[in-house]
Amino acid sequence: MSSQNLVTVTPDKDNDEIAIVTMQRPPVNSLNLELLQALSKTLDELSTSDFRAMVLTSASPTVFSAGLDIMEMYKPDLKRAEQFWSTLQDVWLKLFESNLITAAAINGHAPAGGCLLAMSCEYRAMVSGKYSIGLNETALGIVAPRWFMDCMLNTISQREAEIALTTGKLFSVEEALKVGLIDETAKDKEDAINKCLGFIEKFESIPPLPRSMTKQKFRANGVQWLKANKQADIDEFVHFLKFPQVQQSLEMYIHMLKSKQNKSE
Ligand SMILES: CCCCCCCCCCC/C=C/C(=O)SCCNC(=O)CCNC(=O)[C@H](O)C(C)(C)COP(=O)(O)OP(=O)(O)OC[C@H]1O[C@@H](n2cnc3c(N)ncnc32)[C@H](O)[C@@H]1OP(=O)(O)O
């Protein structure tokens, strides 16, 4: 699949000022360099378009996004790893600070980088079911970067965030609702999108510029550090990938994912 098709943008059927942005990298929308590049390009295009709002969702029936593609971190080509991390930083900054009203219709699992994308939006409706969402990096033997943490702190309390991150917690849909990691539950994807549209409607009579400036001021603390330390953050990521223990943890995690599949056959 060409990178152009990894993300689609379609106007909402009832309101052409709202973009439905769909990630479609089967099987689980894991965020590899190409999907991140497609998201980055989409966010650039949206920022200069007539759309005033976007709903981020997924074409998978059970997964919003499985987070970063682990294969980008396992025995990586270091030049590509740099580009990968830099593109992830850009996607996060563009989404977190977007002038548009942003909402996530979380139609399935959203671990780690998937949770980051959802938390970067202003509103989250998640389909009920046996899905999970959270920053589970420590469970993989890796450490969520500071800006992932800042993003979670913009969403739930510091105490809940610290416990969740140190334990690598993946919240069930009910737990996520209880701590405020999501705003609403939905019965299916269409319902989740409708709930996001309901949130977007609240801004019908609010002028866009003061709205987006207010949002960006609220979010400024979280982004300042990354903007000032972009290269240092890339260097740290690449350095981190060189640790044998990190590679070993990733290898074990990949085996675990594959054996999980064998068990259910
Ligand atoms: C000191 C400070 C230093 C800081 C430096 C930075 C350090 C690095 C920090 C990096 C931050 C990382 C963020 C991340 O996002 S890591 C990724 C975390 N993701 C996960 O843990 C999710 C893993 N996946 C799952 O749990 C399940 O796949 C899921 C529940 C999402 C769906 O389950 P389902 O049963 O539907 O699907 P399968 O498990 O059978 O998966 C289908 C195939 O997809 C492959 N897969 C799944 N997830 C990933 C992934 N994240 N990356 C790559 N590939 C993935 C899976 O292996 C199956 O593949 P095959 O069909 O080939 O077997």
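Everything numeric here is computed off the predicted structure, so don't read it as measured data.

Student: Quick question: what am I supposed to make of the overall build of the protein chain here?
Tutor: Of regular secondary structure, the protein chain possesses 10 helices and 9 strands. Relative to its length of 265 residues, the protein chain is compact, with a C-alpha radius of gyration of 18 Å against a globular reference of 18 Å. Each principal axis of the C-alpha atoms in the protein chain carries an extent, and together these give about 55 × 45 × 40 Å. Relative to its full complement of 265 residues, the protein chain shows a buried share of 43%.

Student: Would you take a moment to explain the sheet that holds strand E5 (residues 110-111) for this structure?
Tutor: Picture the strands of a sheet paired through backbone hydrogen bonds; they go either parallel or antiparallel. Strand order in the open sheet made by the 3 strands is E5-E7-E8, with mixed pairing throughout. Where the open sheet ends on each side, the last strands, each with one partner, are E5 and strand E8 (171-172). Pairing between E5 and strand E7 (residues 132-134): 2 bridges, direction parallel. Along E7, the bridge assignment pairs Pro111 with Gly134.

Student: Looking at this model, I keep getting lost on the packing of helix H4 (residues 146-153) against helix H5 (residues 158-167). Mind explaining?
Tutor: Angle between the axes and distance between the axes: these two values describe a pair of packed helices. The interhelical angle for the contact between H4 and H5, taken along N-to-C directions, is 140 degrees, at an axis separation of 9 Å. Classified by the angle their axes make, H4 and H5 are oblique. Crossing geometry of H4 relative to H5 is assigned as right-handed. Contacts from Met149, Met152 and Leu153 of H4 reach H5 at Gln158, Ala161 and Leu165. Classifying every residue of the contact of H4 with H5 by side-chain character gives 5 nonpolar, 1 polar and no charged.

Student: What should I look at first to understand the site of the ligand in this one?
Tutor: Taken together, 29 residues are adjacent to the ligand, and Ala66, Gly67, Leu68, Ala112 and Gly113 come closest. Elements with a contribution of two residues or more to the shell around the ligand: helix H9 (230-241) and helix H10 (244-263). Top element by residues in the shell around the ligand is H10. It accounts for 4 residues. Classifying every residue of the shell around the ligand by side-chain character gives 17 nonpolar, 7 polar and 5 charged.

Student: Before we go on, may I ask you to explain helix H7 (residues 189-201) in this structure?
Tutor: One turn of the α-helix equals 3.6 residues, which is why residues spaced by three or four share an orientation. Between the first and last C-alpha of H7 there are 18 Å, a value that for 13 residues agrees with the 18 Å anticipated at 1.5 Å per step. The set of residues buried in H7 consists of Lys189, Ala192, Ile193, Lys195, Cys196, Phe199 and Ile200. Looking straight down H7, one finds that the buried residues subtend no more than 160 degrees of arc, so they occupy a single side. Considering only its buried residues, H7 is in contact with strand E2 (18-23), strand E3 (53-58), strand E4 (101-106), strand E6 (123-127) and strand E9 (184-186).

Student: When you look at the pairing of strand E1 (residues 7-11) in this model, what are you seeing that I'm missing?
Tutor: For a regular strand, the rule is simple: side chains alternate between the two faces of the sheet. Pairing of E1 with E2 involves 5 bridges; the strand directions are antiparallel. Across the sheet, Val9 pairs through a bridge with Val21, a residue of E2. Taking the residues between adjacent antiparallel strands as the criterion, E1 and E2 are bridged by 6 residues.

Student: What should I look at first to understand the confidence of the model for the protein chain in this one?
Tutor: Where the model shows low pLDDT, its predicted coordinates should not be examined in detail. Per-residue pLDDT for the protein chain averages 95, and the proportion of residues at 70 or more is 97%. In the predicted assembly, ipTM is 0.96 and pTM is 0.96.

The rules behind these values
Residues numbered from 1 in each chain as written. Predicted model: local features only at pLDDT ≥ 70, side-chain atom pairs only at ≥ 80, totals over all residues. Helix = DSSP H or I, 4+ residues; strand = E, 2+ residues; numbered from the N terminus. Rg over C-alpha atoms; globule rule 2.2 N^0.38 Å. Buried ≥ 20, exposed ≤ 12 C-beta atoms within 10 Å, placed from the backbone. Pairing = 2+ DSSP bridges. Axes fitted to C-alpha atoms, helices over the stretch in contact; angles between N-to-C directions. Parallel < 35°, antiparallel > 145°, perpendicular 65-115°, else oblique. Left-handed = near helix turned anticlockwise from the far one by under 90°. Contact = placed C-beta atoms within 7 Å. Nonpolar A, V, L, I, M, F, W, Y, C, P; charged D, E, K, R; others polar. Near = placed C-beta within 6 Å. Expected span 1.5 Å × (residues − 1). Arc of directions from axis to C-beta. pLDDT = per-residue confidence, 0-100.

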